[in-house]
Amino acid sequence: MTGQNNLERFNEIYENTYQSVLKYVVCKCANLADVNDIVQEVYIEVYKKIITHHKIKHTNAYIIGIARHKVYQYYGYLYRFKTISLFGKEKDEIELIDKLEDETDIERLVYDKCDLESVWSYLNTKSTNIQRIFFLYYNSELTIKEIAETLHVGESYVKNCLYRTLKELKRFMEKESDINDK
Amino acid sequence: MTNKEMMKKLFHDKLNQEKNRQRILARITSEPQKQVVYGKWLKIAAACMLVLTAAYVLYDQRNPTASKEKEVILHINEISKPIYIENDAEDCKKTESELIFGGCYREPLDAASDAQANAAIDCLDLSGLDIPDDLIDSERNYIYHLQSDRNKNNEDLLQYEKSYTDDDSERSIKIQYTKGNQPIYAEYIEEGKASIINKQKLYIYRYDNSYIAQLRLNQMNVTVETANITESELIALLHSITKE
């Protein structure tokens, strides 16, 4: 295959698989800030396979396999054996609020004037699970139930993470706004 | 724009698909060149390692003593008094043999005209000995006897001796060996710490500039006596005696 054909093939695979790879890497990585690097590593590996005429069958599953390997490579193999308790610290910090109803408009809790950079910086200070939940809820547009199934946690836990973090985000943005006004 | 849309935009900007693609393509175009360079140097390094290894193996094969030295465990036992016991001059005059010590005489083999002893002198294979270059076979073989006179029988034969000396007779090596008897100096030397050369146990003693090495080889007791021979020359000699 010529270089041009390789590029075309690569772009095709990239378009078809980017979102699923992104979702996988976000769910597996330790920090959202690492996601871009890992995704790039994955697709560089994919490109190498293309130029060595490696036949890629079951493209999505194959590339997710590469992504898994790259995540482990990025963090070291200790990461694989590390027991990541989804309820880790959050178990003590977040109280389960079973009374939170599904139809609660979570978005209204966010301050209207939203500085995206500030929100991103704030989210990066939160735990990995909260970052994953936000990504899956806003970017992948999954429901709370789907998020719970993806991350193997309870729905209440997902709701609480969202609700509590958005409340904190709101207070954070209000403080930021007060500072800026001054 | 709703807040949900804004949050989606946030993730879209931060984990941007198109930006990532551009970065990937930039790395793809620059990385192959790096790989070629690294790959080339790795191959050169691997080739050098191979050559060095081959050279080392070749050198080791051509210098067996160098590698055999690793098989040497050396203990030189220092002795404080000389082995030789001075002979009574009067006794020496009476005999044609050299009195070594009480009851033991050293005599040139050919002088004894002992055909059987002559034939038996080669019971120890001394070919391939690593003798210092300045020493040559003296071609004088000796036997040690309990009797001083000519009428000797083999029951009195203690051991044989071959010797190598330099022109000035200052440096010498004597190799004494016996099949059924103890080394003649055995009772005069306290057993010291053993050395090992070529998996062969032996005892090495030093007095002044002389060495005595005693070992059991092919069911024979062998004693090597040296004068003014260096330790490394002695080790090389013992290597050649004990090699299989």
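Residues numbered from 1 in each chain as written. Chains lettered and ligands numbered in written order. Predicted model: local features only at pLDDT ≥ 70, side-chain atom pairs only at ≥ 80, totals over all residues. Heavy atoms only, no water.

Enquirer: Sorry if this is basic, but what is going on with the side chain of Q176 of chain B here?
Expert: As for its placement among the helices and strands, Q176 of chain B is situated in strand β7 (residues 172-178). A polar atom in the side chain of Q176 of chain B sits 2.8 Å from the side chain of E161 of chain B. (Helix = DSSP H or I, 4+ residues; strand = E, 2+ residues; numbered from the N terminus. Polar contact = N/O pair within 3.5 Å; in protein donor to acceptor, adjacent residues only side chain to side chain.)

Enquirer: I'm lost on the side chain of S172 of chain B in this one. Help?
Expert: Structurally, the position occupied by S172 of chain B is in strand β7. Other than its neighbours up to four places away in sequence, S172 of chain B contacts L135, Y164, T165, E225, T226, A227 and I229 of chain B. (Contact = heavy atoms within 4.5 Å.)

Enquirer: Is there a simple way to explain the pairing of strand β9 (residues 200-207) of chain B in this structure?
Expert: Residue and element names in this part refer to chain B. The pairing of strand β1 (residues 76-78) with β9 spans 3 bridges and is classified as parallel. Its bridge partner lying in β9, I76 is registered against I204. Note that strand β8 (residues 194-197) and β9 share 4 bridges and pair antiparallel. Residue pairing for β9: A194 is matched across the bridge by Y203. Where β8 folds back onto β9 in an antiparallel hairpin, the turn is made up of 2 residues, including N198, whose phi is positive at roughly 55 degrees. The sheet contact formed by β9 and strand β10 (residues 210-217) spans 6 bridges and is antiparallel. Within β10, the residue paired with Y207 across the bridge is S210. Remark: 2 residues form the turn of the hairpin made by β9 and β10, two consecutive strands paired antiparallel; D208 in that turn has positive phi of roughly 55 degrees. (Pairing = 2+ DSSP bridges.)

Enquirer: It is not clear to me how the nonpolar core should be interpreted in this structure. Could you clarify?
Expert: The biggest cluster of nonpolar side chains holds 58 residues, and the ones touching the most others in it are V25, V35, Y43 and F134 of chain A together with F11 of chain B. Per-element tally for this core: the top contributor is helix α1 (residues 3-28) of chain A, with 10 residues. Beyond its immediate chain neighbours, meaning those up to four positions away, Y43 of chain A contacts F10, Y14, T17, Y18 and V21 of chain A together with I24 of chain B. Ranked by size, the runner-up nonpolar core spans 29 residues in total, among them I131, Y177, L215 and I241 of chain B. (Core = buried A, V, L, I, M, F, W, Y, C linked by side-chain atoms within 4.5 Å. Buried < 20%, exposed > 50% of the residue type's maximum accessible area, 1.4 Å probe, protein only.)

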